[in-house]
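Summary of structural features
Residue-level listing of the chains:
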Amino acid sequence: MTGPASVLLIGSLKEPMLAYVNQKLARKNVSAVNLDFQQPHGACRISFKIGNCRTPPFLKVDSRTVPLETILSTYVRLSHQMTTASDEVERAEPILQHRALVPHLLNVLPGLVVNPYEEASGNRSKPYQQMLIAKLGFNVPKTLVTSHLEQAKEWFEACRGRVIYKSISSVRSVVRRLNPEDFSRLEHLRHCPVQFQEYIPGIDIRVHVVGTRVFASQIETRSTDYRYPDQESFRTIRALELPMDLQEKCVTLTEGLGLALAGIDLRKTVDGEYVCFEVNTSPAFPFYERHTGQRIGEALVEMLCRGTP
Amino acid sequence: MIVLMAQTDDPLVQCLSHGLLQQGYAVCVCDWSQIMYDHGFSWWVPPQAEACQSYFLNGTTAVPFSDIEGMMVFPSGSLALPAAQEWQAADRDYMYKEASAAILGILHSLPCRVINLPVAGGRQRLFFYSRRSREFFKKCRLHLPLMTLANSAQRETVQSTEGQGGIRVGSLDDVQRERLAVLETEQDEWDESTIPYPVFLQAVPAGEIYHFVLVGDSILGGKVIHENFNGSFNTKVEMSDCSPDLRQACLDLSKFCGLIFSECLIVETPDGLWFCLDWNDSPKLSHWAPMVQRAVVSKLIDLLRGTSSLP
């Protein structure tokens, strides 16, 4: 090896998760290299050599040259989604354009990448990811994605009024119950399809998988979306020991989705069954750590330093 | 029914549509914008009882997903937002992401063959350079030329990329804007300006350049006429033979990448090494000889009908 081993951090160090990991790496005296795509275009010059090189391939960040063989792992965290799709928003945002390099880097970087681009993009379409989750052995909720208001109403009737709605993509939305009062707004479906799901009562469980380590938290609340408790609602979050077979299933799911780090959203039904709603491919876990005392960040940093899941 | 997600004036779509109709197939040509914003759809996940059959509307006709025997997606059929004025940029961005998310899921849920099935996050411009592909390249005895990726490029970036056959420069973020060029020698051709967007700079090895179009288990193509080569696929090709091993390597790679219809540029060096310059998942046929066009259309029809197997 031609230099000290390092961990590559992609994103702004002002972003809480990346700052958190950076701090933990510093405590372990592990060298971190930061690629900040949040900076205005041109503020950070990045070049990267791959393919048949006469000299060992390297990554160059401003004037710093990092031989690729010294990169143990990469952790990426971008505060906004990397999409190359949308027209005028994209054009108006030089920073987003500047980030077009990120997917390519994530595809070609050596070592452990948390998480690889294509695999991490799986939850950009929740129903697409849901199909993968079902193939990997989890129960998933019955879902309707539609742009037809009649179908949404019929689905509401078929589910006896127990329906929630949420975004189809990974854009964060508050999960809400569909009520007859919402029907007047369903005409907007013709401009933007919506995902409707059967409401499944039960207890929320968030499972963080870091490589092969599993950290589960149980969340009890009266809110439909535990992330947004109503003012009147209580919310308790505590660490939970999952049955061993479920822990193994969560690790298998994470591996099957090609991820090294995942935040799995489960609900335990009144019948004791587990239903999986989605898998967050870039989970913000310090919130759960604060409530449960679990050392998820520590496990992540250990994995990054190890360079294997 | 065969569905072609495209604009009706797309020349390849017209050929396919005509050929399929002649063979007695029902063909539906529409684009995603029509489905998402004009006609509508309903999609149940996982598949439900008969009363909940997933479908989209083509005009007023319902097309159940279970009736689709084959689908081909074209760039001309990509999603575009309606030009309504009342939406703010953020709303339009949200609408686009939601519809795109629905499209990815729908395509992966179809029970029929889809040419070419998209991947989550979109297939990257240089997907064939990925870590996974590189492993496969080794198995196929194909090589990847040295490449520099950069978020902007200056003379110094270009100088560090040494290509005996020139340096191929292209944009990473937007194919529409792609300014492909082959610089003969970096010193002579590069001016003092900076390319302000993410680019790739590829060292082109010296040798014969081949351009192939791959469709199912068939591969057609030949040598690129050098004087005409500007770094893109849009160049004249002289039909010629090449090593059967090279043809098989290209077919194996397209299968590995999950591509049913694609094209590639390969350089064969004087010492017999094969370097892959580029791989494209949306080939255009306009610059191919009519004989090649007819062969490709015929093969695509077989694939859409499900009568032709994959390699």
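Residues numbered from 1 in each chain as written. Chains lettered and ligands numbered in written order. Predicted model: local features only at pLDDT ≥ 70, side-chain atom pairs only at ≥ 80, totals over all residues. Heavy atoms only, no water.

Once that is clear, we can look at the overall build of chain B. The helix and strand inventory of chain B stands at eight helices and 17 strands. For chain B, the proportion of its 311 residues judged to be buried stands at 55%. Within chain B, residue pairs in contact and separated by at least 24 positions form 67% of the contacts whose partners lie at least 6 positions apart. When the accessible area of chain B is evaluated, it comes to approximately 13,100 Å², of which 50% is carbon and sulfur surface. (Helix = DSSP H or I, 4+ residues; strand = E, 2+ residues; numbered from the N terminus. Buried < 20%, exposed > 50% of the residue type's maximum accessible area, 1.4 Å probe, protein only. Contact = heavy atoms within 4.5 Å. Areas by Shrake-Rupley, 256 points an atom, 1.4 Å probe, with all protein chains shown as cover.)

With that out of the way, let us pick up the overall build of chain A. When helices and strands are tallied, chain A shows ten helices and 16 strands. Within chain A, the fraction of its 309 residues that count as buried is 55%. Put simply, of all contacts in chain A between residues at least 6 apart along the chain, 65% involve residues at least 24 apart.

A word on the nonpolar core. Membership of the largest hydrophobic core comes to 53 residues, with the highest contact counts inside it found for Leu59 of chain A together with Phe212, Ile266 and Trp279 of chain B. Here tryptophan 279 of chain B is in contact with Phe127, Phe128, Leu214, Phe233, Cys250, Leu253, Ser254, Leu259, Ser262, Glu263 and Cys264 of chain B, once residues within four sequence places are set aside. Core analysis: the next-biggest nonpolar cluster, separate from the first, contains 36 residues, Cys28, Phe56, Phe65 and Ala101 of chain B among them. (Core = buried A, V, L, I, M, F, W, Y, C linked by side-chain atoms within 4.5 Å.)

A separate point is the packing of helix α1 (residues 11-22) of chain B against helix α8 (residues 290-305) of chain B. All names here are of chain B. Contact geometry of α1 with α8 gives a least axis separation of 10 Å together with a crossing angle of 60°. One element, α1, and the other, α8, form an angle in the oblique class. For the pair α1 and α8, the crossing hand works out as right-handed. Across the interface between the two elements, Leu12, Cys15, Leu16, Gly19 and Leu20 of α1 pack against Val297, Leu300, Ile301, Leu304 and Arg305 of α8. Taken together, the residues that form the contact of α1 with α8 break down as eight nonpolar, one polar and one charged. (Axes fitted to C-alpha atoms, helices over the stretch in contact; angles between N-to-C directions. Parallel < 35°, antiparallel > 145°, perpendicular 65-115°, else oblique. Left-handed = near helix turned anticlockwise from the far one by under 90°. Nonpolar A, V, L, I, M, F, W, Y, C, P; charged D, E, K, R; others polar.)

Glancing now at unusual backbone geometry. At the junction of valine 45 of chain B and proline 46 of chain B, the peptide bond is cis and its omega measures out at -15° in the coordinates. As for its position among the elements, proline 46 of chain B is in the loop between β3 (41-45) and β4 (55-58). With a phi close to 60°, asparagine 29 of chain A is a non-glycine residue in the positive phi region. If you trace the backbone, asparagine 29 of chain A turns up in the loop between α1 (16-27) and β2 (31-35).

All names here are of chain A. Taken as a whole, chain A is organised into domain 1 (6-114), domain 2 (122-138 + 201-306) and domain 3 (143-198). With 19 residues of domain 1 in contact, the opposing surface of domain 2 contributes 17 residues. With both chains or domains summed, domain 1 and domain 2 bury close to 1,500 Å², and 67% of this area falls on carbon and sulfur atoms. Between glutamate 298 and lysine 24 there is a salt bridge; the shortest N-O distance is 3.3 Å. Linking domain 1 with domain 2 are four residue pairs in polar contact (both at pLDDT 80 or more), by the criterion used here. For the side of domain 1 that touches domain 2, the secondary-structure elements that each account for two or more residues are α1, β6 (71-76) and β7 (112-114). Looking at the side of domain 1 that touches domain 2, its residues break down into twelve nonpolar, four polar and three charged. (Domains from an automatic or database assignment. Buried area = accessible area lost by both parts, 1.4 Å probe. Salt bridge = Lys/Arg side-chain N within 4 Å of Asp/Glu carboxyl O. Polar contact = N/O pair within 3.5 Å; in protein donor to acceptor, adjacent residues only side chain to side chain.)

Residue position: serine 42 of chain B is located in strand β3. Discounting chain neighbours no more than four positions away, the residues touching serine 42 of chain B are Leu144, Val145, Thr146, His148 and Gln151 of chain A together with Ser54, Tyr55 and Phe65 of chain B.

Inspection of the secondary structure assignment puts glutamine 124 of chain B in the loop between β7 (113-115) and α4 (131-140). Of the residues examined, glutamine 124 of chain B reaches a relative accessible area of 12% and is grouped as buried. Among the polar contacts listed, one links the side chain of glutamine 124 of chain B to the backbone oxygen of glycine 122 of chain B, at a separation of 3.2 Å. Not counting residues within four places of it along the chain, the set of residues in contact with glutamine 124 of chain B comprises Pro103, His104, Asn107 and Tyr117 of chain A.

Before going further, it helps to examine the sheet that holds strand β16 (residues 274-280) of chain A. Residues and elements named next belong to chain A. The five strands lie next to each other as β14-β13-β12-β15-β16, forming an open sheet whose pairing is antiparallel. Each edge of the open sheet carries a strand with a single partner, namely β14 (235-240) and β16. Taking the axes of each pair of neighbouring strands and ignoring which way they run, one obtains an average angle of 25° across the sheet. Sheet analysis places strand β12 (residues 202-210) next to strand β13 (residues 213-221), joined by seven bridges and oriented antiparallel. Bridge pairing in β13 places isoleucine 205 opposite glutamine 218. Along the sheet, helix α10 (residues 296-306) contacts β12, β13 and β15 (261-269); its crossing angle with β12, the most-contacted strand, is approximately 30°. (Pairing = 2+ DSSP bridges.)

We now examine the environment of phenylalanine 277 of chain A. Topologically, phenylalanine 277 of chain A is positioned in strand β16. C-alpha of phenylalanine 277 of chain A to C-alpha of glutamine 197 of chain A: the two residues are 80 residues apart in sequence and 9.8 Å apart in space.

Applying the stated criterion across every chain, the model contains 16 salt bridges over all chains. Two residues, arginine 168 of chain B and aspartate 278 of chain B, come together in a salt bridge whose shortest N-O distance is 2.5 Å. Placement of arginine 168 of chain B in strand β10 (residues 167-171) and of aspartate 278 of chain B in strand β17 (residues 274-280) is noted, with a sequence separation of 110 residues between them. When sorted by exposure, arginine 168 of chain B lands in the same class as aspartate 278 of chain B, which is buried. A salt bridge links aspartate 302 of chain B to arginine 305 of chain B; the shortest N-O distance between them is 3.3 Å. Here aspartate 302 of chain B and its partner arginine 305 of chain B are both found in helix α8, three residues apart, which amounts to about one turn of the helix. Taken together, the shared-partner salt bridges connect Lys24, Arg295 and Glu298 of chain A into one network.

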